[in-house]
Every structure is written in structure tokens, then in C-alpha cells.
Amino acid sequence: MIDLQNLTRKFGNLTAVDNVTLHVEEGEVFGFLGPNGAGKTTTVRMLCCLIGKTSGEARIGNYSVDTEANCLKIRQMVGFLPENVGLYDSLSAYQNLDFYGQLYEVPESKRKENIEHLLTLLGIWKRREDAVGTFSKGTKQKIAIARALIHDPKVLFLDEPTANLDPEASKTVRDFILDLKKGKRTIFLNTHNLDEAERLCDRIAILKTKLIAVDSPKNLERSLYNRKTIVHLQNVTSSITAAVEKLGSIKNVRVSDNKLILDMDNPEKDNPEVVKAIVGAGGSIQYVTELRSTLEDVYLKLIREASVQ
Amino acid sequence: MRLWKSWIVTKKDLSVFKKNKYVLYSLIAMPIIMGVVLPVIFIFALNAEIGSATLTHAQVSAAVNQIVGLATMYFVLIPAILPSIIASYSFVGEKIEKSLEPLLATPTTDGELLLGKSLAAFIPCMAVTYIGAAISAIIIDVWSINTPQVGTFLIPNPYWLLVIGAIAPLACIMSVEANIIVSSKVNDIRAAQQLGGLVVLPLVFLVIFASTSASISTLLAISVSAALAIADIALFYLSKATFQREEILTKWK
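These lines cover the structure that appears in this document, whether it is placed above or below. These figures come from a predicted structure and were not determined experimentally.

Moving on, we come to the overall build of chain B. Of the regular secondary structure elements, chain B holds ten helices and zero strands. Across chain B, helices and strands are ordered from the amino to the carboxyl terminus as α-α-α-α-α-α-α-α-α-α. Principal axes of the C-alpha set define a box for chain B whose edges measure 70 × 35 × 30 Å. When burial is assessed residue by residue, chain B has 46% of its 253 residues classed as buried. Considering only contacts within chain B whose residues lie at least 6 apart along the sequence, 86% involve residues at least 24 apart.

This is the structure we're talking about:
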């Protein structure tokens, strides 16, 4: 649904986006992670045909972001939530959505239906005639999301959807995005909220002008270190350690207090064998856990490496 | 260009202006000042001229024509001044409210947005100009038919029709376009208004010239119309070149 081939954007001597190549499948929730100034917003702006590219290719569906005619078609098929909500404070929630619905060429009856559906879903229908200026930040953000969805777009670009929101408003917005995920809509989520990316996204790209990594949150977490299983025992003996070391699936065994820390490739498959071996050697297991690196660990490591380069 | 798209933008802007007291009061004040206060001042001036026993009938007629002509000329200033208030809200206001980015992300062309926003500034300015002109015409005509030395309707006359029908809208278009250009270079509404207001200066000189010349001819009005039309065309191309969505998003601060 979204294809980038060596996409590059320069502003004078500054390269904001450098040779980014990636593909986002239809119905996928794709997270774009990176620090401030990494080129996330510039990329989204190029994909929404708001600014041009310096070189490379970018396509949304069957349309390349180059000609004005293609850009009009792309803008019709995408919904865009910018970092700043940009609503008209003096107009009501309904008027704001109705205005955008008209610009997106949604027929009047469908427009009314969509506005009612979205505002009801977001719990704002009763306040639809209130001026947007009277709403809280969180509610404004919800209206801006409704605006991005008013024409039922195939692709949704969300730029920092929970930035500056309190935890409750953030949760409401996140839950709403999770609901959208069920609708088979392609969602491109710009964020530097790692927790949000982990919860919402099928895959994540880490960007710092250049693309550093692209994978599922789980695979990224596992990419940093070998997977480790920790076995908590009442007492660790040399016979237990020897029994575990004999297993071919274990790459390394380390003892720390009453814990065995085991490096392994496939814990789901090999943990039962490990448990059997320990019990066979007379060990008494209290519990078994997995030691994971977090997405934050991975993100920080990759960004620091990119900064050094 | 899809005019209906531009009209959607115009309607939205007009709704926003209706709720902006500063814009609303400015729009209401202008026809009151130009339509009521100025004609009354001119009537006092005319009464003083006519009341002078030394004036011949020809001199009275010339004085009446000159002052009525000058009163008419003021209706060139209203549509030139008001866009600096409205158009500055229309463009810089959007930038300040950060509402331009989602607007530019809609399937609307630069030309459609530009026309929609220009119309939103043009329509209310011309509406209050015509309301002011109508009130002014009624006041002057009521006075003139009730004044024995005049005894006839003074307005409309060809010169008045030319000023109200051609010069005023052309001056308004010029002001709207100049304000669009100014808006693309500043980030503050007051700065936009002040710089945008500079476009009125040539028209102020025109009014001063008209007030000092012996007679205000229809030929002068035609010449001014032609000059404004040329300026409008030049400014249109300049404003179109200035209104680039990439420039707006990346360079407007």
C-alpha cells in the first residue's frame, strides 16, 4: 500500500530524509520511530503530497507522489492527522468535520452519517455544536482524528497522535487507534512514544535521517541480545549445571545466586527439555521467566550507533 | 479549477469571520463612517458653498459636482483598506492556528484554495462598500432634491457608476492579492495588516489628487480602472507564485 524507494529530501545543504526504502502492507499498522528532527514528519509530508521529494520514489496504492493529478488522488485516499491539530476554534466540532467532509467530496447524507458515527464513537456527539475552542486538548485531538477519518480513507497518517496528552486522553486515543486496526485500514504512525509503538504497531521502522531498522517490535527486541531463559531454583548444584550444559540447545549457562541464566535460540521449543533435565538432576524449580531487552533498549542502542556513524 | 471547492473554503472563512468580533466591528464601522458620517460632512460643506451669495449658478454646480465626486472617491478606499484586516486573518490566521497543514492535505488545488480565500476577503469587503455607497447615495440625493439650488438627483451618475462598479472592486482585488503576498512573508497578524495596508497608499494619493483637481472626469476614472486592472493581473500572477504549499509549510514561521 505504501512504497518508498530511496526516498530523499534535502533542504538546501541539510538532508532531512536520506535514501529511505520500505514497504507497508495493506491493513498494517506501521510505526515510524525516531528522535526529533529524524525526518519522520518530512517523510509523512512527502507521502501526503504536502512537500516534494528531492529524489527517489514514493507510492501510495497505485499513485506515485509526483504529478499534481496523482497528488489529488492520493490526498483523496489518505487521512492525515498533523502534529498540531489545527482545528478552527471558533467553529463547532460539527462545522469543522462538515467543512473537511465537503473538501473530501463526501456526499451530504454520508457526511452526516460519518460525523455522527465518529463523534458518537469518540463520545463527543452531545457537544457537537460547541465551539472547538472550548474543548480540552484531548478532545480536540479526538476531533482531529475524526477529521482524518471523515472520508473513510484507505490509508491513515498519524503524526504524534498522543503528544502532549495526559495519560487518560492518551489511552482513549490509543484505544481508538486499536479499534481502527480492526477495520483493515493501513495506518502509518509517527511517534517517539516507544510504549505506544509497541502496543499498536505490527511493524516498526527506526529512522534517523536514514532508515536504521525495520521489523516487528518482538523481533527488534530479540535482535539486541540472545534470548535468555532464567530458571529460579531453590538451590543450584553442579549436577544441575552439568545436566543443563549437556543439552544441545543451550548456548551458554551462567549461574547467579539461585538462578540459572540460559542463552538459547528458541525458548518456546526448548524450555520443556530444560525443565526435565533440571528436575532429573534433582533440582527444585520455583519459576521460569524470560529475560528480554525492551524496545527502548533496542531503540536507544540503534540511535546511539547511528549518531556515532 | 473547481469553483465549488473554492466556495466551500469561502463559506468556511465567512463563518469564521462572523465569529471574530474584531473583523465584524471593522466591517460594520466602515459603512457607517463612509456612508453616513462623510456624506453629512460633505452636505455641511455644500450648504456652506451654496449659501454664499457671491457664487454664480455655474460655480454652485461645479462645487456640488466636485464634492459629490470626492465623496464617491472615498468608496475606493473602503474596499482597499478592509482586505488588510480580513485577508490577514484569512492566511496568517490559519498559520497561527496551525490549521493550514490539514487544509493543504485535502484534495484541493492551490488555485482553488487561493480563490476561495480571496473570495472570502473580497465578498464582505464589497458588500459593506455597496451598503455604504447606497446609504451615502440616499443621504446625498435626499439632500439634493430638497435643496432648491440643486433640485435634482446627483447619484447615480456615470462617474459614480464607474467608481462603484469598476474602480472599487478592482481596488479590492488589488488589496486582497497584495495581502496574500504579504501574508506569505510575515507570521504576525498586525504586521500583515500594516504591510497589507500599504497597498492603500497609491489610492490615497489618487483621492488627494481628485480632491485638488479642478474637476473629476470620467476619463480619469477610466484611466484609473485600466491601471488597476493591469495591477490586478500582475498581482494575481505574483500571488499565485507566492502561494506554494511547500513554501507555506516549510518556510512560513
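Where interface size is quoted, it is often the accessible area lost as the parts come together. Contact residues are listed per partner, giving 25 residues for chain A and 21 residues for chain B. Breaking the side of chain A that touches chain B down by element, the ones donating at least two residues are helix 2 (68–77) and helix 3 (93–103) of chain A. Here the side of chain A that touches chain B takes five residues from helix 3 of chain A, the largest share from any one element. The residue inventory of the side of chain A that touches chain B, partitioned by class, reads 14 nonpolar, seven polar and four charged.

Relative to the assigned elements, Tyr88(A) resides in the loop between strand 6 (78–81) and helix 3. For Tyr88(A), a count of 22 C-beta atoms within 10 Å translates into the label buried. On a C-alpha basis, the gap between Tyr88(A) and Asn114(A) in space is 19 Å, while along the polypeptide they are 26 residues apart. Excluding residues that lie within four positions of it along the chain, Tyr88(A) makes contacts with Asn96(A), Val132(A), Val16(B), Glu97(B) and Ser99(B).

Counting residues in each nonpolar core, the largest one holds 145 residues, and the members touching the most others are Phe157(A), Phe188(A), Leu189(A), Val76(B), Val163(B) and Ala171(B). Looking at which element gives the most residues to this core, the answer is helix 3 (residues 57–96) of chain B, with 19 residues. Setting aside anything within four residues of it in sequence, one finds Val163(B) in contact with Thr72(B), Met73(B), Phe75(B), Val76(B), Ala168(B) and Ala221(B). Val231(A), Ile240(A), Leu260(A) and Leu262(A) belong to the second largest nonpolar core, which has eight residues in total.

Residue and element names in this part refer to chain B. Two elements in contact, helix 2 (residues 21–51) and helix 5 (residues 110–145), have axes whose closest approach is 8 Å; the angle formed by their N-to-C orientations is 20°. By the angle class used here, helix 2 and helix 5 are roughly parallel. Helix 2 and helix 5 meet at a crossing whose hand is right-handed. Across from Leu27, Met30, Pro31, Met34, Gly35, Val36, Pro39, Val40 and Ile43 in helix 2, the residues of helix 5 making contact are Pro124, Val128, Ile131, Gly132, Ala133, Ile135, Ser136, Ile139, Ile140 and Trp143. Partitioning the contact of helix 2 with helix 5 into residue classes produces 16 nonpolar, three polar and no charged.

About the thresholds
- Residues numbered from 1 in each chain as written.
- Chains lettered and ligands numbered in written order.
- Predicted model: local features only at pLDDT ≥ 70, side-chain atom pairs only at ≥ 80, totals over all residues.
- Helix = DSSP H or I, 4+ residues; strand = E, 2+ residues; numbered from the N terminus.
- Buried ≥ 20, exposed ≤ 12 C-beta atoms within 10 Å, placed from the backbone.
- Contact = placed C-beta atoms within 7 Å.
- Nonpolar A, V, L, I, M, F, W, Y, C, P; charged D, E, K, R; others polar.
- Core = buried A, V, L, I, M, F, W, Y, C linked by C-beta atoms within 7 Å.
- Axes fitted to C-alpha atoms, helices over the stretch in contact; angles between N-to-C directions.
- Parallel < 35°, antiparallel > 145°, perpendicular 65-115°, else oblique.
- Left-handed = near helix turned anticlockwise from the far one by under 90°.

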